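Summary of the model geometry
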Amino acid sequence: MAGTIILQANGKYKLTFMKHKQRYYKTVKANDEEEAKRLLNLFMKFVDKIVDINPDICTLNDFCEIYFKDYAPNLLAEECVYNYSRALTNWVLPKIGETILTNCTSDFFKSYFKWLSNQISPETHEPLSIGSREKIFSIISSVFSCATQWNILKVNPLKAARPEEFKRKNKLKQSKDKQRCLTLEESKRLIKELNNVDLKYQIITQIALIGGLRRSEILGLKWIDVDFKNSCIYINQSSIFVPKKGYVVGDLKTETSERTVSLPRVTMLLLLEYKIKSENNDNNFVFINDKGRRKGLRMNPSSVTNWFKAFREKVGLPKDVALQGLRHSSATILIAKGINVKSVSSRLGHSNTSTTLNIYAHAITGVDKQAGETLDKILLKRKNVHRIKRKKKEVIK
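Residues numbered from 1 in each chain as written. Predicted model: local features only at pLDDT ≥ 70, side-chain atom pairs only at ≥ 80, totals over all residues. Heavy atoms only, no water.

What to know about the overall build of the protein chain
A count of helices and strands for the protein chain gives 16 helices and eight strands. Look at the contacts in the protein chain between residues 6 or more apart in sequence, and 60% of them connect residues 24 or more apart. Carbon together with sulfur atoms contributes 52% to the accessible area of the protein chain, which is approximately 23,800 Å² in total. (Helix = DSSP H or I, 4+ residues; strand = E, 2+ residues; numbered from the N terminus. Contact = heavy atoms within 4.5 Å. Areas by Shrake-Rupley, 256 points an atom, 1.4 Å probe, with all protein chains shown as cover.)

With respect to the packing of aromatic side chains
One pass over the full model with this rule turns up 21 aromatic pairs. Aromatic side chains Phe63 and Trp150 sit 5.6 Å apart centroid to centroid with 55 degrees between the ring planes, which places their arrangement in the tilted category. Taken together, the residues span a long stretch of sequence, with Phe63 in helix α2 (residues 60-75) and Trp150 in the loop between α5 (130-149) and α6 (164-177) at a distance of 87 residues. There is no split in this pair, since Phe63 and Trp150 are both buried. With a centroid separation of 6.2 Å and an interplanar angle of 40 degrees, the aromatic rings of Trp223 and Tyr274 are classed as tilted. Remark: Tyr274 occurs in helix α10 (residues 265-277) and Trp223 occurs in the loop between α9 (215-219) and β4 (226-227); sequence separation between them is 51 residues. (Phe/Tyr/Trp six-rings, centres within 6.5 Å; stacked < 30°, edge-to-face > 60°. Buried < 20%, exposed > 50% of the residue type's maximum accessible area, 1.4 Å probe, protein only.)

Details of the sheet that holds strand β3 (residues 22-28)
In sheet architecture, strand pairing relies on hydrogen bonds along the backbone and comes in two forms, parallel and antiparallel. One open sheet holds the three strands; their spatial order is β1-β2-β3, and the pairing between them is antiparallel. Here the strands that pair on one side only, and so sit at the sheet edges, are β1 (3-7) and β3. Direction aside, neighbouring strands of the sheet carry axes that sit 20 degrees apart on average. Sheet topology places β1 next to strand β2 (residues 13-19); five bridges connect them, and they run antiparallel. What sits directly across from Leu7, in β2, is Tyr13. (Pairing = 2+ DSSP bridges. Axes fitted to C-alpha atoms, helices over the stretch in contact; angles between N-to-C directions.)

Some remarks on the side chain of Ser257
Turning to its location among the elements, Ser257 is positioned in the loop between β7 (246-250) and β8 (259-262). Taking relative accessible area as the criterion, Ser257 reaches 0% and is therefore assigned buried. Side-chain polar atoms of Ser257 contact the backbone oxygen of Gly349, separated by 3.4 Å. Non-local contacts of Ser257, meaning those with residues more than four positions away in its chain, are made with Arg214, Glu217, Ile235, Leu252 and Gly349. (Polar contact = N/O pair within 3.5 Å; in protein donor to acceptor, adjacent residues only side chain to side chain.)

So, the sheet that holds β8
As summarised here, the arrangement of the three strands in space is β4-β5-β8, forming an open sheet in which the pairing is antiparallel. The open sheet is flanked by β4 and β8, the only strands paired with a single partner. In terms of strand pairing, strand β5 (residues 232-235) meets β8 through four bridges, oriented antiparallel. Bridged to Cys232 within β8 is Ser262.

Concerning the environment of Ser302
Inspection of the secondary structure assignment puts Ser302 in helix α11 (residues 301-315). Residue class for Ser302 comes out partly exposed when judged on its relative accessible area of 39%. Along the sequence, Ser302 and Phe241 sit 61 residues apart, while their C-alpha atoms lie 8.7 Å from each other.

Regarding the pattern of salt bridges
Per the counting criterion, the structure on display carries twelve salt bridges. The shortest N-O distance in the salt bridge between Lys200 and Asp290 comes to 3.1 Å. Highlighted residues: Lys200 in helix α8 (residues 199-211) and Asp290 in the loop between α10 and α11, separated in sequence by 90 residues. With a shortest N-O distance of 2.6 Å, Glu217 and Arg214 are connected by a salt bridge. Across this residue pair, the class does not change: Glu217 and Arg214 are buried. (Salt bridge = Lys/Arg side-chain N within 4 Å of Asp/Glu carboxyl O.)

What about the environment of Ala322?
Within the secondary structure, Ala322 sits in the loop between α11 and α12 (323-336). A relative accessible area of 41% places Ala322 in the partly exposed class. Those residues in contact with Ala322 that lie beyond four places of it in its chain are Phe308 and Arg312.

Some remarks on the state of the cysteines
The final tally for this structure, using the stated rule, is zero disulfides. You can see Cys104 has no disulfide; the closest cysteine sulfur is in Cys64, sitting 9.2 Å from it. Note on Cys104: relative accessible area 3%, which makes it buried. (Disulfide = S-S within 2.5 Å.)

Following this line, the structure appears as structure tokens:
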């Protein structure tokens, strides 16, 4: 059962091998061929486990144990692994963990989510929100997607078990998402108000709005990633906080999230000023705690979010615009000003332009309308159109 290792153009290794006339493959990151061989051996041992799984005997508890021990840590970010494990441990496995995989049908899960809708959250002391239940649905669906990929089950039972209230919520969410960004005038006011805040938070907010970065990408920046000569920053890692593990440096959301983002001279000068004022820290991260017992260490992502909420309220910005909304604001403004979607998609680090098109369809529609009006004025000359209409009326009379 020897396997093959192929180095791809993107620097990753493709691992492939055959077992029982079935081809198995996986793409991994590795420093060299020796590490790729080690990962291939681990992958082959993992496949040995899953091919022996009998869905008529294996329970959901058993399957989740394999999923979290041998699969999830190698594929998902540590924060995701923690969130998946927590949700399953708290809400899923105690209720349906002993269920045999083949008995986990669509009707079975419909009954389960009906039960879940009546459960009380220990945090809010109220019924679990639709958002929380939908996250649980997505996590279970992800687990069962693996069962279908590994040929343990033929179909994912969650595909036909999505509650109608989730579908209604998604439609409502899509209409609300269009409003969750700042207008051009609000963005200008935000930049002006930032002159009165702490330098560190001024830069973080500017990078989020002007650079379109995610919070984890901003906090993952190191000084080595800041290019003062060319006025740009290099995004190659993220910094997150995982309960029980602490602060973790992880991979970016997608492969295309690794990118170079140009910043205006003003922002780069603020960064230079901040670097001069900042104390050295062991890990060379740009944004660190200035005081307290964690002085010199990486910032907690929540502290940035909490600061922005207080700042937003103080200066009177819309309450439904979160820190992530600054990223959306950046993209919306660029598209509204006629920057092509491919450039915007690349700047945001989207995996493909279709992602950008789906999220910012409202802004693109507005640009298309402006384009139509511009061509109307240039080619058709609105004055002549009105004159023709008057002549038509005269002819009809």
